[in-house]
Amino acid sequence: MSTPTRKHTALPKARILIEALPWLTRHHGKVVVVKFGGNAMVDEDLKAAFAQDVVFLRHAGLRPVVVHGGGPQISAQLDRHGLVSEFKAGLRVTTPEAMDVVRMVLAGQVQRELVGLLNQHGPFAVGLTGEDAHTITATKHLPTIDGELVDIGRVGEITRIDTGAVEALLEDGRIPVISSIARAEDDGHVYNVNADTAAAALAAALGAETLMVLTDVEGLYEDWPHSDEVISRLTATELEKLLPDLSSGMVPKMQGCLFAVRNGVNTARVIDGRVPHSILLEIFTDEGIGTMVVPDGQQPINRVVRGEA
């Protein structure tokens, strides 16, 4: 009698699909901006799982947009060219020579590989940079260090987003893959822009349902380093109060989340990109696996650890 056994083994799979149903309904037709980075960008298995997740979103009726940087790959290529990787105020000092390498790595290496992985599943992904169709425009960014403005080269501050090309691709059923390079507002140069910031700006301009930022941590910790409990949900104001105490690596990610939810994005999430299929777990399961930021005034927030009763 094999039928009862078959029913028994299939039931958990059916429950998983049913659990996803309300989330599929909620997100159907909505734009989801995903910032690709961290360990997921360099681990072959995680890269493949990421591509599967993004294509799954597209087949499930969502409209994914991928934004990426490429810090480790840029550093490696600069080293090969005998150029020093220098950081000030948490940003890469980008000389004209370094900018040529940044452009080559982001648009010619990282983006090409990601587009190739996505297109193993069908003719979906189309790569572009912020230069294309004036998608991202920036001016020179001068950070303040010890009270003084410092020139760190071709590092840009985003001033404008033109979503025309991205929206045209989405309407055609494609998956835009966008490198975090910007055209200049005023001086004819090309700028290196922070990929977390670029993803947040694009999410806001597209009126995205959610922004998802892949990281190498479980989420935002309640009281790091004294505790490894992850905050499940918090409001924009709650996040703003925490920003001064965050580690430097988390600041641009959480600032991006804050900008997104204060500019029309319904939720922003920081998720652990070291977990295979983390995107699907976050969007289509009741627990999720990261930290969700919501606008002020959105239903009462219980700051609890994911997975706890």
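Residues numbered from 1 in each chain as written. Predicted model: local features only at pLDDT ≥ 70, side-chain atom pairs only at ≥ 80, totals over all residues. Heavy atoms only, no water.

Side note on the overall build of the protein
When helices and strands are counted, the protein shows nine helices and 16 strands. Relative to the 2.2 N^0.38 estimate, which gives 19 Å for 309 residues, the radius of gyration of the protein is 20 Å and therefore close to what a compact globule would have. Here the protein holds 309 residues, and 49% of them are scored as buried. Considering only contacts in the protein between residues 6 or more positions apart, those separated by 24 or more positions represent 73%. As presented, the protein carries roughly 14,600 Å² of accessible surface, and 53% of it is formed by carbon and sulfur atoms. (Helix = DSSP H or I, 4+ residues; strand = E, 2+ residues; numbered from the N terminus. Rg over C-alpha atoms; globule rule 2.2 N^0.38 Å. Buried < 20%, exposed > 50% of the residue type's maximum accessible area, 1.4 Å probe, protein only. Contact = heavy atoms within 4.5 Å. Areas by Shrake-Rupley, 256 points an atom, 1.4 Å probe, with all protein chains shown as cover.)

Digging into the pattern of salt bridges
Counted according to the given criterion, the structure contains 16 salt bridges. Close ionic contact of Lys47 with Glu44 constitutes a salt bridge, the shortest N to O distance being 3.1 Å. One end of the pair, Lys47, and the other, Glu44, are both in helix H2 (residues 44-59), three residues apart, so they sit about a helical turn from each other. On the basis of relative accessible area, Lys47 is assigned to the buried category, the value being 6%. (Salt bridge = Lys/Arg side-chain N within 4 Å of Asp/Glu carboxyl O.)

Focus on the sheet that holds strand S12 (residues 190-192)
Here four strands make up an open sheet; going across it, the order is S9-S6-S11-S12 and the pairing mixed. Every interior strand has two partners, whereas the edge strands, strand S9 (156-161) and S12, have only one. Strand-to-strand twist in this sheet, taken as the mean axis angle between neighbours without regard to direction, amounts to 50 degrees. As paired elements, strand S11 (residues 181-184) and S12 share three bridges and run antiparallel to each other. Looking at the pairing, Arg183 lines up with Val190 of S12. Helix H4 (residues 96-118) contacts S11 and S12 of the sheet and is inclined by roughly 75 degrees relative to S12. (Pairing = 2+ DSSP bridges. Axes fitted to C-alpha atoms, helices over the stretch in contact; angles between N-to-C directions.)

As for the packing of H2 against H4
Where H2 contacts H4, the two axes come as close as 9 Å, and the packing angle between them is 60 degrees. In terms of axis orientation, H2 runs oblique to H4. Between H2 and H4 the crossing geometry is right-handed. For the pair H2 and H4, the contacting residues are Glu44, Lys47, Phe50, Ala51, Val54 and Val55 in the first and Glu113, Leu114, Leu117 and Leu118 in the second. Taken together, the residues of the contact of H2 with H4 break down into seven nonpolar, no polar and three charged. (Parallel < 35°, antiparallel > 145°, perpendicular 65-115°, else oblique. Left-handed = near helix turned anticlockwise from the far one by under 90°. Nonpolar A, V, L, I, M, F, W, Y, C, P; charged D, E, K, R; others polar.)

Observations concerning the side chain of Thr137
Structurally, Thr137 is set in strand S6 (residues 136-140). In this structure Thr137 comes out as buried when scored by relative accessible area, which is 0%.

Section: H2
Taking 1.5 Å per residue, 16 residues should reach 22 Å; H2 reaches 23 Å between its end C-alpha atoms and fits that length. When we look at burial in H2, the residues that qualify are Leu46, Lys47, Ala49, Phe50, Ala51, Asp53, Val54, Val55 and Leu57. Of the surrounding secondary structure, the elements contacted by the buried residues of H2 are strand S1 (31-36), strand S2 (63-68), H4, strand S10 (175-179), strand S13 (210-215) and helix H9 (278-284). Between the side-chain oxygen of the N-cap and the backbone nitrogen of Asp45 there are 3.0 Å, and the N-cap of H2 in question is Asp43. In the stretch just after H2, Gly61 is the one whose phi turns positive, near 95 degrees. (Expected span 1.5 Å × (residues − 1). Polar contact = N/O pair within 3.5 Å; in protein donor to acceptor, adjacent residues only side chain to side chain.)

What to know about the environment of Val150
By the element assignment, Val150 lies in the loop between strand S8 (148-149) and S9. Judged by relative accessible area, Val150 falls into the buried class, the value being 19%. In this structure, the C-alpha to C-alpha distance between Val150 and Lys88, residues 62 residues apart in sequence, is 8.7 Å. Among all residues touching Val150, those that are not within four sequence positions of it are Lys88, Leu142, Pro143 and Ile145.

Re helix H3 (residues 71-80)
Turning to H3, its buried residues are Gln73, Ile74, Gln77 and Leu78. The arc that holds every buried residue of H3, seen down its axis, measures 135 degrees, which confines them to one face. The elements touched by buried residues of H3 are strand S4 (91-92) and H4. Gly82, located one to two residues past H3, shows a positive phi value of around 70 degrees. (Arc of directions from axis to C-beta.)

Description of the sheet that holds strand S15 (residues 267-272)
Strand order in the open sheet formed by eight strands is S5-S10-S2-S1-S13-S15-S16-S14, with mixed pairing between adjacent strands. Across the chains shown, the open sheet's two edge strands, defined by having one partner strand only, are strand S5 (125-129) and strand S14 (233-235). Adjacent strand axes in the sheet meet at a mean angle of 20 degrees, parallel and antiparallel pairs treated alike. Sheet contacts for H2: S1, S2, S10 and S13; angle to S2, the most-contacted strand, approximately 150 degrees. Here helix H8 (residues 251-261) sits on the sheet in contact with S1, S13, S15 and strand S16 (291-294), set at roughly 175 degrees to S13.

That's the geometry; what it means functionally is another story.
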